[in-house]
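Each chain, letter by letter, is given below.
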Amino acid sequence: MGFLKPFLRASFRHGIHPDPHKGDTASRPIQRFPFPDRLVLHLDQNIGKPSLPIVKKGQEVVRGEPVAVADDFVSVPLHSPATGIVRGIELMPTARGPKTRAILIDVYHGSTQEVLYSVKRPLHILPRTDLLRAIQETGMVGLGGAAFPTHVKMTLPPGQEYEIHTLVVNGAECEPFLTTDHRVMLEQTEDLIRGVRYALEATEAKQAIIGIEDNKMDAVHAVAAAIEPDDPITVQAVPAKYPQGAEKMLIRSLLGLEVPPRALPASVGVVVSNVGTLAQLGYLLPRGEGLIERVITVTGAGIKRPGNYRVPIGTPIRFLLEEVGFEGEAAEIILGGPMMGMSASSLDTPVTKGMSGILVLNEKAIEQEAENIYPCIKCARCVQACPMYLNPSEMGQLAAKREYEQMESRFHLTDCFECGCCSYVCPSNIPLVQYFRIAKAMNREKAKA
């Protein structure tokens, strides 16, 4: 079907226009990253149940070999990113702080590190259920950051009355600094279109629309040129605005559909998947291989060699920063982008499947960002910026009083997807989104109790 003209529909209302900060990496081709001495493969790299290890200490593994299996339907396996030997299964630091179980693999640097394990399947004749199982066996999760198992997203719960009519492919990449999806669309175009075709078959959707922000027109034209005339696939440029890449916002921009509060996109007949996820799926499925590496953006004021790197999963951040020429001491390291990413709790934290970038801010950049917090002045800028039409000001004041339940019952706290627009525009520098994360966590703990 080809290329659609930009702006066929208006964008979502509200949102913000932060400085993109993409110039340092957007034009840099993807480079392959070296292997560290040791890889740390956390077993809980996906939403759902952690993987179950099937290797033991002292066991030799080859690149691509399964080292952990899915423990449930909402779970995925893990594959060895390198040929080496299992050092052990231990508790290791995570991005959020608490340690969780991880498989440690010492890398054989004398190996060629070719992928030596694969299970090829006749994909052209596989029934839908077998295709979904094959997707699960790749270990694929959402590479945009959510880490939701891809096969689960493409499977409708039993007994649902609605059908999927559209696959929305998210190429917006609206988060500042990040350019991984941009480079993947330019360099893995054929893989992306192949992955979209697999996703159409798995979801039984009638059409796919690839939404790309209009500040990446080179990617729009590259992807459109790779689409065959009989493909039910179109490309649409959407206005560059944050958070255009949020699935509910992109659905509204592309299709004019409103996903109800607390509902999934499937409730309006849509499945959303990231371009990086589908490009990797299009690469792995024909080869019968598992997910062992991903592209991440490494950038920031403290980096000598910013760029987009194809990094083995499990690579420690400390090793990665040394290789790209990190300078500085008291620096803030953000995993992901500045709007929705989180500060790294330890340099021993490894690259995971859901990690899309590493942003390093050196001492000077931190000093520029550090400002005092002042009382709310009732300016309503946060209300005007919120893409979900919430009232961050009122919720922030309730959070200060620890009235977490009222934040949910009166102001729909769970509809907030923590995009950070409110914190960005607040002239009083109130960290609203951090308050909301704490409130959600406290409500979850109370519900469990």
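Fair warning: this is a prediction, and the values are worked out from it, not measured in the lab.

Cut-offs applied
- Residues numbered from 1 in each chain as written.
- Predicted model: local features only at pLDDT ≥ 70, side-chain atom pairs only at ≥ 80, totals over all residues.
- Heavy atoms only, no water.
- Helix = DSSP H or I, 4+ residues; strand = E, 2+ residues; numbered from the N terminus.
- Rg over C-alpha atoms; globule rule 2.2 N^0.38 Å.
- Buried < 20%, exposed > 50% of the residue type's maximum accessible area, 1.4 Å probe, protein only.
- Lys, Arg positive; Asp, Glu negative; His and termini not counted.
- Charge placed at Lys NZ, Arg CZ, Asp CG, Glu CD.
- Pairing = 2+ DSSP bridges.
- Contact = heavy atoms within 4.5 Å.
- Core = buried A, V, L, I, M, F, W, Y, C linked by side-chain atoms within 4.5 Å.
- Axes fitted to C-alpha atoms, helices over the stretch in contact; angles between N-to-C directions.
- Parallel < 35°, antiparallel > 145°, perpendicular 65-115°, else oblique.
- Left-handed = near helix turned anticlockwise from the far one by under 90°.
- Nonpolar A, V, L, I, M, F, W, Y, C, P; charged D, E, K, R; others polar.

Caption draft 1: Up close: the overall build of the protein. Along its length, the protein carries 14 helices and 18 strands. Rg of the C-alpha trace for the protein: 22 Å, near the compact-globule value of 22 Å for 449 residues, within the 12% margin. Principal-axis analysis of the C-alpha atoms gives the protein an extent of 60 × 55 × 50 Å. Each of the 449 residues in the protein was classed as buried or not, and the buried ones make up 55%. Between the averaged position of the 47 positive side-chain charges in the protein and that of its 50 negative side-chain charges there is a distance of 3 Å.

Caption draft 2: A look at the sheet that holds strand β5 (residues 60-61). A sheet is described by the order of its strands in space; here 4 strands give the open sequence β3-β9-β8-β5, paired in antiparallel fashion. Among the strands making up the open sheet, the edge pair consists of β3 (38-42) and β5. Of the strand pairs in this sheet, strand β8 (residues 84-92) and strand β9 (residues 100-107) are connected by 8 bridges, and their pairing is antiparallel. Opposite L91, over in β9, you have R101 as the bridge partner.

Caption draft 3: Examining helix α11 (residues 392-400) more closely. Those residues of α11 that sit buried are P392, S393, M395, G396, L398 and A399. The elements touched by buried residues of α11 are α10 (381-385), α12 (404-409), α13 (421-425) and α14 (432-448). In the segment just after α11, R402 is the residue with positive phi, at about 60°.

Caption draft 4: Representation of the nonpolar core in the model. I103, L167, L192, V196, I210 and L278 are the most contacted members of the largest nonpolar core, which has 60 residues in total. Here this core takes 7 residues from helix α4 (residues 189-203), the largest share from any one element. Counting residues in each nonpolar core, the second largest holds 21 residues, with C386, L390, Y404 and F436 among its members.

Caption draft 5: Quick look at the packing of helix α1 (residues 128-137) against α4. Following both chains from N to C, one finds α1 and α4 inclined at 130°, their axes separated by 9 Å at the closest point. Looking at the two axes, α1 sits oblique to α4. Between α1 and α4 the crossing geometry is left-handed. Only Y198, E201, A202 and T203 of α4 make contact with α1, whose side of the interface consists of R128, L131, L132 and I135. A per-class count over the contact of α1 with α4 returns 5 nonpolar, 1 polar and 2 charged.

Caption draft 6: Spotlight on the pairing of β8. Looking at chain direction, β5 and β8 are connected through 2 bridges and run antiparallel. Opposite V61, over in β8, you have G84 as the bridge partner.

Caption draft 7: Quick look at the sheet that holds strand β16 (residues 332-335). Spatially, 6 strands are ordered β2-β15-β14-β18-β16-β17 in an open sheet, and the strand pairing comes out mixed. This sheet does not close on itself; its edge strands, each paired only once, are β2 (31-32) and β17 (342-343). One ladder, built from 6 bridges, connects strand β14 (residues 293-300) with strand β15 (residues 307-312); its direction is antiparallel. Note that in β15 the partner of E293 across the bridge is P312.

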